[in-house]
Amino acid sequence: RTLIAATGSSPRKLGVPGEAALYGRGVTYCAICDGPLYKGADVVVAGGGNAAVEAAIDLSKICKSVSLIHRSVFRADSIVLEQMKKIDNIHYSLGQVIESINGENGVESITVKDKATGETKVVPTEGVFVEIGYTANTEIFKGLMDINSAGEIIVDDKMATSVPGIFAAGDVTTEPYKQIIIAAASGAKAALSLNEFFTQHFPN
């Protein structure tokens, strides 16, 4: 009679050859989680938003070099861009499309295409950090409750959705800042709110 939706989110993929095959062997979607595994390595970050730029900054502290590659212009805030541009071992290329991720038992290089000229080149790297955002896992809820344009379940301060008795928590919701500690806290709020709702509507 009540429900908590906590289906999380999934990282957006590049959708290029080699990405799936080399996942966990040089391809990763979390710089904070996996960055320490690449200490002293040359790595690539794919993306141009805050997540990508912040990942490049974090990785620059432990990696030999960081190449930030993005297909368009930067979407990151100016404050993090200025910080990144001051770091010597971060190099960035805009208007570049990653066409494939190459390697046998691990990532060895990427193939990059210049959008303006159409020219391609192979860039040696030991790791590819894909930081192009996340998609909320809400497919099964569409048509059941209110979902925003970003595909997130709309919740109030008690984690209640537009449907009485249904609550939601974590990265699947409109709750800002997608972090484990915030998701866990929203789960606690949702559980307490559900208990309150259940007690009020189903006292017996």
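Residues numbered from 1 in each chain as written. Predicted model: local features only at pLDDT ≥ 70, side-chain atom pairs only at ≥ 80, totals over all residues. Heavy atoms only, no water.

Engineer: Tell me about the sheet that holds strand β8 (residues 109-114), residues and numbers included.
Structural biologist: Sheet architecture is open: 3 strands sit in the order β7-β8-β9, paired in antiparallel fashion. Both edges of this open sheet fall to β7 (96-102) and β9 (120-124), since each of them pairs with a single strand only. On average, each strand axis in the sheet is inclined to that of its neighbour by 30 degrees, with strand direction left out of account. (Pairing = 2+ DSSP bridges. Helix = DSSP H or I, 4+ residues; strand = E, 2+ residues; numbered from the N terminus. Axes fitted to C-alpha atoms, helices over the stretch in contact; angles between N-to-C directions.)

Engineer: Please give an account of the nonpolar core that cites residues and values.
Structural biologist: Counting residues in each nonpolar core, the largest one holds 21 residues, and the members touching the most others are V43, V45, V53, L59, V66 and M84. Secondary structure elements with two or more residues in this core: β4 (42-46), α2 (50-60), β5 (65-70) and α3 (78-85). If one sorts the elements of this core by residue count, α2 sits on top with 6 residues. Formed by 16 residues, the second largest nonpolar core is a distinct cluster that contains A5, F141, M159 and V172. (Core = buried A, V, L, I, M, F, W, Y, C linked by side-chain atoms within 4.5 Å. Buried < 20%, exposed > 50% of the residue type's maximum accessible area, 1.4 Å probe, protein only.)

Engineer: An account of the environment of V53 is needed here, citing residue identities and associated values.
Structural biologist: Examined against the element boundaries, V53 turns out to sit in helix α2. Discounting residues that sit within four places of it in the chain, V53 has contacts with L68, F74, A76, V80, L81 and M84. (Contact = heavy atoms within 4.5 Å.)

Engineer: Would you mind going over the state of the cysteines in detail, with residue names and values included?
Structural biologist: Overall, the coordinates contain 1 disulfide when judged by the stated rule. The disulfide partner of C30 is C33, and the gap between their sulfur atoms is 2.1 Å. Taking the sign of the S-S torsion, about 65 degrees here, the bridge from C30 to C33 comes out right-handed. Since its relative accessible area comes to 52%, C33 is described here as exposed. This cysteine, C63, is not joined by any disulfide, and C30 carries the nearest cysteine sulfur, 13 Å off. (Disulfide = S-S within 2.5 Å.)

Engineer: Help me get a handle on empty space enclosed by the protein, residues and values and all.
Structural biologist: Across all of its chains, the model carries 1 cavity of 30 Å³ or more by this definition. The space that makes up the largest cavity amounts to roughly 30 Å³. Around the largest cavity, the lining residues are G170, D171, E175, Y177, K178, I182, A183 and S186. Its residues placed into classes, the lining of the largest cavity shows 3 nonpolar, 2 polar and 3 charged. (1 Å grid on protein atoms, 1.4 Å probe; cavity = no way out; pocket = protein on both sides within 12 Å on 5 of 7 lines; lining within 4 Å. Points joined across faces, edges and corners; volume = space filled by probe spheres on them. Nonpolar A, V, L, I, M, F, W, Y, C, P; charged D, E, K, R; others polar.)

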